[in-house]
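# Notes for the structure review
Okay, here's what each chain looks like letter by letter:
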Amino acid sequence: QVQLVESGGGLVQAGGSLRLSCAASGFTMDYYAIGWFRQAPGKEREGVSCISSSDGITYYTDSVKGRFTISRDNAKNTVYLQMNSLKSEDTAVYYCAKDRFSVCSSRWERNQHQFGNWGQGTQVTVSS
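The following refers to the structure shown.

## A few points about the nonpolar core
Core analysis: the biggest nonpolar cluster contains 26 residues, and M29, W36, F68, V79, L81, M83 and Y94 have the highest contact counts within it. Tallying contributions element by element places strand β3 (residues 18–25) first for this core, with four residues. Leaving out residues up to four positions away in the same chain, F68 has contacts with R38, V48, Y60, L81, Q82, M83, N84, L86, D90 and Y94. Residues A33, A97, W108 and F115 belong to the second largest nonpolar core, which totals seven residues.

Here's what the structure looks like:
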């Protein structure tokens, strides 16, 4: 019954912006930490950002700090990832995932097993 659906991906030029959405159903999103991950061709899936449910504290991988912003709209049961100043290396399939807990782990980037539910992903392509 738990479902996560990503949307908002597309093709943009370097320096442009996209806002990804992660719409949840089957659970109340604000009870759980939500993470954004991405996987580029030929590379392992990596953590991008995480937002805790209880206090809204956010985390980002170093490569996107200052450019990406994660947020949530509890009324819409949706988490967003605003991506600015996009670079070609941001090209990847982006996934949102539901943590089993309410607070992002201090090692959230590496502990992907804590995220038990995943969306199908949305493609982000940044051209140079």
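## Observations regarding the pattern of salt bridges
Tallied over the entire structure, the rule returns four salt bridges. Residue D90 is joined to R38 by a salt bridge in which the shortest nitrogen-to-oxygen separation is 2.9 Å. Placement of the pair is D90 in the loop between β8 (78–83) and β9 (92–99) and R38 in strand β4 (residues 34–39), with a sequence separation of 52 residues. The buried category is assigned to D90, whose relative accessible area is 1%. Its relative accessible area of 5% is what places R38 among the buried residues. When salt bridges that share partners are traced, they join R38, E46, R67 and D90 into one network.

What counts and what doesn't
Residues numbered from 1 in each chain as written. Predicted model: local features only at pLDDT ≥ 70, side-chain atom pairs only at ≥ 80, totals over all residues. Heavy atoms only, no water. Core = buried A, V, L, I, M, F, W, Y, C linked by side-chain atoms within 4.5 Å. Buried < 20%, exposed > 50% of the residue type's maximum accessible area, 1.4 Å probe, protein only. Helix = DSSP H or I, 4+ residues; strand = E, 2+ residues; numbered from the N terminus. Contact = heavy atoms within 4.5 Å. Salt bridge = Lys/Arg side-chain N within 4 Å of Asp/Glu carboxyl O.

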